[in-house]
Amino acid sequence: MAVIISGKEVSAKVRAEVKAECEQLKEKGVTPGLAVIIVGNDPASRVYVNNKKKACAEVGFVSEEYALPEETSQEELLQLIDQLNHKPEIDGILCQLPLPKHLDEKAVINAIAPEKDVDAFHPSNVGKIMIGDYRFLPCTPAGVMELIHHAGIDVSGKNCVVIGRSNIVGKPMAMLLLHENGTVTICHSRTKNLKEVCANADILVAAVGKPKFVKADMVKDGAVVLDVGINRDENGKLCGDVDFKEVEPKASYITPVPGGVGPMTIAMLMKNTLTAAIERGASLSAN
Ligand code: NAD
């Protein structure tokens, strides 16, 4: 029987810490502000944006929503980002992805001022993650690390396997594990002997996007299993990349879906926005 690491519980703790720090910052005259841009009518994006606004209200941030129509041009979107880059009371800018097909995501990410890039997607922030000198941690991998720390798991010297090599989860996840001295392997769709590689992991992170992809025979006895996936199973029920029912008896620690990594992502976004606001406060008092 594995210990279930509750993202619900840990994310509530992170949000409470952010709220307390936000109150202190407000006493110095700085209220953290997050601008959230959503383009088009993607229902999943709408849910994410609503959750982010809700989290901002809970921790005491100001949030501004910019809901743009599907047919918004690249130029219009870049203009809005430029305005927000120059808006002093906005500390963080987030453009909800995916964008409609006619818009260039890369150009949009590049347009956000790195000091307001609370998703940590801008190449300058990605580079900082690589060298371990970061202002912002990418929200989902940072959430996974927070769960690992909360459970008291020491990464140093452990065999860590990350399944998935996306820019937003897999790659930065591997970096954060490496920075904590894990011996890290990144697996992907072309990996040979995936089962054997995974079965050697002390810490296994699944970020594949395939329901119940990780089966018991891919997991070592006593492994720590962290499930980033958010999928629907054959009955339309929310599930992760890990077959929880099969894997849980073999693991020492495991995160559930829902209630695992998912709630951590928004909590870490709040933390990044707070970091940006603290920097604004510091530069205000220096001037
Ligand atoms: P992605 O589609 O960009 O990347 C998936 C990765 O899985 C790719 O690198 C691919 O090489 C790898 N992959 C695909 N098939 C494979 C196979 N058969 N064997 C080994 N590797 C394989 O997805 P992503 O954006 O990294 O997201 C991954 C999952 O995490 C999705 O379910 C997504 O919804 C979820 N997600 C959750 C959060 C959260 O807040 N919890 C945040 C972001 C993404």
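Residues numbered from 1 in each chain as written. Predicted model: local features only at pLDDT ≥ 70, side-chain atom pairs only at ≥ 80, totals over all residues. Heavy atoms only, no water.

(A) Spotlight on the pattern of salt bridges. Counted by the stated rule, this structure contains 12 salt bridges. The salt bridge involving Glu65 is made with Lys53; its shortest N-O contact spans 2.5 Å. Of the two residues, Glu65 is situated in strand S3 (residues 62–68) and Lys53 in helix H2 (residues 43–59); the sequence distance between them amounts to 12 residues. Assessed through its relative accessible area of 28%, Lys53 is described here as partly exposed. With a shortest N-O distance of 3.0 Å, Glu64 and Lys87 are connected by a salt bridge. Of this pair, Glu64 sits in strand S3 while Lys87 sits in the loop between helix H3 (74–85) and strand S4 (92–95), placing them 23 residues apart in sequence. (Salt bridge = Lys/Arg side-chain N within 4 Å of Asp/Glu carboxyl O. Helix = DSSP H or I, 4+ residues; strand = E, 2+ residues; numbered from the N terminus. Buried < 20%, exposed > 50% of the residue type's maximum accessible area, 1.4 Å probe, protein only.)

(B) Quick look at the site of the ligand. What surrounds the ligand is a group of 22 residues, the closest being Arg165, Ser166, Ser189, Ile230 and Thr265. Here Arg165 contributes a backbone N or O atom positioned 2.8 Å from an oxygen atom of the ligand. Protein chains bury 73% of the 860 Å² of accessible surface belonging to the ligand in isolation. Along the lines of polarity and charge, the residues of the shell around the ligand split into 10 nonpolar, 10 polar and two charged. (Near = heavy atom within 4 Å. Polar contact = N/O pair within 3.5 Å; in protein donor to acceptor, adjacent residues only side chain to side chain. Areas by Shrake-Rupley, 256 points an atom, 1.4 Å probe, with all protein chains shown as cover. Nonpolar A, V, L, I, M, F, W, Y, C, P; charged D, E, K, R; others polar.)

(C) Region of interest: the packing of helix H1 (residues 7–27) against helix H6 (residues 139–150). Closest axis-to-axis distance for the H1/H6 pair is 10 Å, and the angle between their directions is 100°. Between H1 and H6, the crossing angle belongs to the class labelled roughly perpendicular. Where H1 abuts H6, its residues Gly7, Glu9, Val10, Lys13 and Val14 lie against Glu146, Leu147 and His150. Its residues assigned to classes, the contact of H1 with H6 comprises three nonpolar, two polar and three charged. (Axes fitted to C-alpha atoms, helices over the stretch in contact; angles between N-to-C directions. Parallel < 35°, antiparallel > 145°, perpendicular 65-115°, else oblique. Contact = heavy atoms within 4.5 Å.)

(D) Unusual backbone geometry, seen in detail. The amide bond that connects Leu97 to the next residue, Pro98, takes the cis arrangement and shows omega of 0°. Looking at the element boundaries, Pro98 is found in the loop between S4 and helix H4 (105–111). The backbone of Ala120 sits at a positive phi, close to 60°, despite the residue not being glycine.

(E) Region of interest: empty space enclosed by the protein. Considering all chains together, one arrives at one cavity of 30 Å³ or more under this definition. Here the largest cavity is characterised by a volume of approximately 70 Å³. Together, Ile93, Leu94, Cys95, Leu97, Val108, Ile109, Ile112, Asp117, Asp119 and Phe121 line the largest cavity. Residue assignment for the lining of the largest cavity shows that the elements contributing at least two residues are S4 and H4. Counting residues per element, the lining of the largest cavity draws most heavily on S4, which supplies three residues. (1 Å grid on protein atoms, 1.4 Å probe; cavity = no way out; pocket = protein on both sides within 12 Å on 5 of 7 lines; lining within 4 Å. Points joined across faces, edges and corners; volume = space filled by probe spheres on them.)

(F) Geometry of the nonpolar core. Formed by 53 residues in total, the largest nonpolar core has its most connected members in Ile148, Leu177, Ile203 and Met270. In contact with Ile148, not counting residues within four places along its chain, are Ile153, Val155, Leu177, Ile203 and Leu226. Residues Val161, Leu194, Ala206 and Ile254 belong to the second largest nonpolar core, which totals 18 residues. (Core = buried A, V, L, I, M, F, W, Y, C linked by side-chain atoms within 4.5 Å.)

(G) Examining H3 more closely. With 12 residues, H3 extends 16 Å from end C-alpha to end C-alpha; this agrees with the ideal 16 Å at 1.5 Å per step. Regarding H3, the residues found buried are Gln74, Leu77, Leu80, Ile81, Leu84 and Asn85. Down the axis, H3 shows its buried residues gathered within 140° of arc, on one side only. When the buried face of H3 is taken as reference, the exposed residues oriented beyond 90 degrees from it are Glu75 and Gln83. Looking at the buried residues of H3, the elements they touch are strand S2 (33–39), S3, S4 and H4. (Expected span 1.5 Å × (residues − 1). Arc of directions from axis to C-beta.)

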